[in-house]
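Chain and residue survey
Each chain, written out:
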Amino acid sequence: MKRTMWVFLTGLVILPLCFCAPAAPASTVQAAATLPAVTAAAVILTAPPTVTPTPAPTATPVPTPTPAPTCTPDPTPEPRPCARIVEEMAVRYARDGEKAAEQVEDLLSEMEAAYPTEARKWADVMDRWRTLDDRITINRGVLPDDLPDTQELCIVVLGYQLNANGTMKDQLKDRLKVVVNSAKKYPNARIVCTGGGTAAKKKSVTEAGQMAEYLKKQGVNKDRIIVEDRSKTTAQNARYTCDILLEKYPEVKYVAVVTGDYHVRVGVLLFEAEAILRSGPGSVPALTVISNAACKTSNRELSALFRAGGLVELAGNGTAAHQLYYDQYDLKQWD
């Protein structure tokens, strides 16, 4: 019985070895046979198979989000030239009057943002224009009373186109008669004759030169007479006269304009505007237009667009001014 059990147990041990591994050497089998049956079985049953560990999966990195492109702001638009703003403002006001008041304010605000000093001056000029017709009374034949009879006063006579041969037309002579009367009334006032060469056949002859000679023949002291003989327009009359007075005659503080009756308000406005534009920031105008006198003519009052042309010329746009003077300006561009 014991012999049979041993053989049975031995078969249990050997059979698995035959199925699980290659045949072992005889010494190995003999050694295993000498072990207790339970111990040999335990060894065989608990021996784990050799397993190559599976590497852990490599983590896929989370992509860094691409930042949104930075928006480049549009560059600040360049401001319009000051002269262009003045042009639109003057034309709108000449064409539409007080209906354009809101647009004029908007344009002054545009100017203020880019040209603050000029904006303050042009606001003053526009105020002078708005009140021009109400505040200017035309004096005919002679300057009014109560003006200063000192060298602070300057009588400025505006020229008129000469005949082709260089002689003066009757209207220019009539203006000079007003100057003679006023010079007698104010014997200490200086006198400016202003106007360039406008004779078609005698370019060297000037309005101012002819006027000065006429006044001398009428008994006006030559030391009182100042000649400005470059200008061709009323705006240039104002500009070049101010050049001379401010540079060479600083004692002059007041200007009285003499011209034809249809031309007085334009002349006054442009001399006022030029004086304002020459003033320093926050200061009073360089000169003050204090009065006027005129000869009687049959001419109609110059239009509001002519006034606009003069201001546009003072602002520096001679081309647009010329178009306004001769009714060639495209008014629809501001619709």
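Residues numbered from 1 in each chain as written. Predicted model: local features only at pLDDT ≥ 70, side-chain atom pairs only at ≥ 80, totals over all residues. Heavy atoms only, no water.

Here we take up the overall build of the protein. A tally of regular secondary structure across the protein gives 13 helices and 5 strands. Excluding contacts between residues fewer than 6 apart, the proportion of contacts in the protein whose partners are at least 24 apart in sequence is 76%. About 19,400 Å² of surface is accessible on the protein, with carbon and sulfur atoms providing 56% of the total. (Helix = DSSP H or I, 4+ residues; strand = E, 2+ residues; numbered from the N terminus. Contact = heavy atoms within 4.5 Å. Areas by Shrake-Rupley, 256 points an atom, 1.4 Å probe, with all protein chains shown as cover.)

Let us now look at the pattern of salt bridges. For the structure on display, the rule yields 23 salt bridges. The shortest N-O distance in the salt bridge between glutamate 272 and arginine 135 comes to 2.6 Å. Placement of glutamate 272 in helix 11 (residues 264–277) and of arginine 135 in helix 7 (residues 132–135) is noted, with a sequence separation of 137 residues between them. A relative accessible area of 5% places glutamate 272 in the buried class. Its salt-bridge partner being glutamate 301, residue arginine 307 comes within 3.6 Å of it at the nearest N-O pair. A relative accessible area of 36% places glutamate 301 in the partly exposed class. (Salt bridge = Lys/Arg side-chain N within 4 Å of Asp/Glu carboxyl O. Buried < 20%, exposed > 50% of the residue type's maximum accessible area, 1.4 Å probe, protein only.)

Let us now look at the side chain of threonine 297. Relative to the helices and strands, threonine 297 is located in the loop between strand 5 (288–295) and helix 12 (304–315). Judged by its relative accessible area of 16%, threonine 297 is buried. Looking at threonine 297, its side chain comes within polar contact range of the side chain of aspartate 261, at 2.5 Å. At 3.3 Å, the side chain of threonine 297 forms a polar contact with the backbone nitrogen of asparagine 299. Those residues in contact with threonine 297, other than ones at most four positions away along the chain, are Gln171, Gly260, Asp261 and Tyr262. (Polar contact = N/O pair within 3.5 Å; in protein donor to acceptor, adjacent residues only side chain to side chain.)

This brings us to the pairing of strand 3 (residues 225–228). Looking at chain direction, strand 2 (residues 190–194) and strand 3 are connected through 4 bridges and run parallel. Residue pairing for strand 3: cysteine 193 is matched across the bridge by valine 227. On the question of chirality, the crossover connecting strand 2 to the parallel strand 3 by way of helix 9 (residues 207–217) is right-handed. (Pairing = 2+ DSSP bridges. Right-handed = clockwise from strand over helix to strand, strands pointing away.)

What follows covers unusual backbone geometry. One non-glycine residue, aspartate 146, adopts positive backbone phi at about 70°. With relative accessibility at 77%, the residue aspartate 146 sits in the exposed group. Phi at aspartate 327 is positive, roughly 55°, even though this residue is not glycine. Relative to the helices and strands, aspartate 327 resides in the segment after helix 13 (318–325). Aspartate 327 sits in the exposed class, given a relative accessible area of 65%.

With respect to topology, 5 strands assemble into an open sheet ordered 3-2-1-4-5, the strand pairing being parallel. In this open sheet, the two strands that pair with only one neighbour each are strand 3 and strand 5. Mean inter-strand twist for the sheet, computed between neighbouring axes without regard to direction, equals 25°. Judged from the 5 bridges that link them, strand 1 (residues 153–158) and strand 4 (residues 254–260) form a sheet pairing that is parallel. Note that in strand 4 the partner of isoleucine 155 across the bridge is alanine 256. Set on the sheet, helix 10 (residues 234–248) makes contact with strand 1, strand 2, strand 3 and strand 4; between it and strand 3 the angle comes to about 125°. Across the sheet, helix 11 is in contact with strand 1, strand 4 and strand 5; its angle to strand 5 comes to roughly 160°. (Axes fitted to C-alpha atoms, helices over the stretch in contact; angles between N-to-C directions.)

Further remarks concern the side chain of threonine 241. Relative to the helices and strands, threonine 241 is located in helix 10. With sequence-adjacent residues up to four places away left out, threonine 241 is seen in contact with Val156, Val192, Thr194, Glu228, Gln236 and Phe271.

Quick look at the nonpolar core now. Inside soluble globular proteins, nonpolar side chains tend to come together where they are buried. The biggest cluster of nonpolar side chains holds 57 residues, and the ones touching the most others in it are Met89, Met111, Trp122, Trp129, Leu245, Phe271 and Leu311. Of the residues forming this core, the biggest block, 9 residues, is contributed by helix 11. Not counting residues within four places of it along the chain, the set of residues in contact with leucine 245 comprises Cys154, Val192, Ile226, Pro250, Val252, Val255 and Leu287. (Core = buried A, V, L, I, M, F, W, Y, C linked by side-chain atoms within 4.5 Å.)

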